[in-house]
Amino acid sequence: MKIVLAATLIAAAAAGAGCACAQPQQPYVPKEQRIPSREPPASGDALHAQVAQKLRERFDAADTDHSGTLTQQEAQRAGLGYVSENFAAIDTGHRGEVSFEQVQAWLDKRASAASRKP
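Described in the following lines is the structure provided in the data block. A quick note: this is a predicted structure, and the numbers were derived from the prediction, not measured. (Residues numbered from 1 in each chain as written. Predicted model: local features only at pLDDT ≥ 70, side-chain atom pairs only at ≥ 80, totals over all residues. Heavy atoms only, no water.)

## Focus on the overall build of the protein chain
A tally of regular secondary structure across the protein chain gives six helices and two strands. Looking at the 118 residues of the protein chain, the share that counts as buried comes to 29%. Counting only contacts in the protein chain whose residues sit at least 6 apart along the sequence, the fraction spanning at least 24 positions is 60%. Within the structure as shown, the protein chain displays about 8000 Å² of accessible surface, and the carbon and sulfur contribution to it stands at 54%. (Helix = DSSP H or I, 4+ residues; strand = E, 2+ residues; numbered from the N terminus. Buried < 20%, exposed > 50% of the residue type's maximum accessible area, 1.4 Å probe, protein only. Contact = heavy atoms within 4.5 Å. Areas by Shrake-Rupley, 256 points an atom, 1.4 Å probe, with all protein chains shown as cover.)

## Digging into the pattern of salt bridges
Tallying each qualifying case throughout the model produces three salt bridges. A salt bridge links Asp60 to Arg56; the nearest nitrogen and oxygen atoms lie 3.2 Å apart. Placement of both Asp60 and Arg56 in helix α2 (residues 44-62) is noted, with a separation of four residues, approximately one turn of the helix. Residues Glu97 and Arg95 are paired through a salt bridge, measuring 3.4 Å at the closest nitrogen-oxygen approach. Since its relative accessible area comes to 52%, Arg95 is described here as exposed. (Salt bridge = Lys/Arg side-chain N within 4 Å of Asp/Glu carboxyl O.)

## So, the nonpolar core
In this structure, Leu70, Leu80, Val83, Ile90, Val98, Val103 and Leu107 are the most contacted members of the largest nonpolar core, which totals 16 residues. When residues of this core are traced back to their parent elements, those giving at least two are α2, α4 (81-85), α5 (87-90) and α6 (100-116). Examining the composition of this core, we find that four residues originate from one element, α6, more than from any other. (Core = buried A, V, L, I, M, F, W, Y, C linked by side-chain atoms within 4.5 Å.)

## Digging into the packing of aromatic side chains
Aromatic ring pairs are defined here through the distance separating the ring centres and the angle between the ring planes. Taken as a whole and assessed by the stated rule, the structure comprises two aromatic pairs. Measuring from centroid to centroid gives 5.5 Å for Phe59 and Phe100, while their planes differ by 70°, and the two rings are edge-to-face. Of this pair, Phe59 sits in helix α2 while Phe100 is found in helix α6, placing the two residues 41 residues apart along the sequence. For Phe59, a relative accessible area of 3% gives the class buried. (Phe/Tyr/Trp six-rings, centres within 6.5 Å; stacked < 30°, edge-to-face > 60°.)

## Observations regarding unusual backbone geometry
At His66, a position not held by glycine, the phi torsion is positive, near 55°. Its location among the elements puts His66 in the loop between α2 and β1 (69-70). His66 gets classed as exposed once you look at its relative accessible area, which sits at 70%. Phi is positive for His94, which is not a glycine, with a value near 55°. Here His94 lies in the loop between α5 and β2 (98-99).

Structural data, given as structure tokens:
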């Protein structure tokens, strides 16, 4: 469930309009022109590590002042809507900024709560 939540966050962030991050969007490739990967699809811990790495890259790109934290405005400008929209819940210290570790802890907490639901 952790992976699903993190993947949802990345997908939502990637879909955000007006992303201020310096990463170019991948162009659409029609299905008939796609080249399959030679690597087997990641799963389990490997998939979780890939998701965490991509989230970290997006977080770092959004951290425009290189403080190691994001403000709600930085998250919003970078298209990290999930972080921006849940900023108050993630910012447990009420400092007006969140660290990558706080974002991860919040995602883990949400995943644990979701996995306990019937």
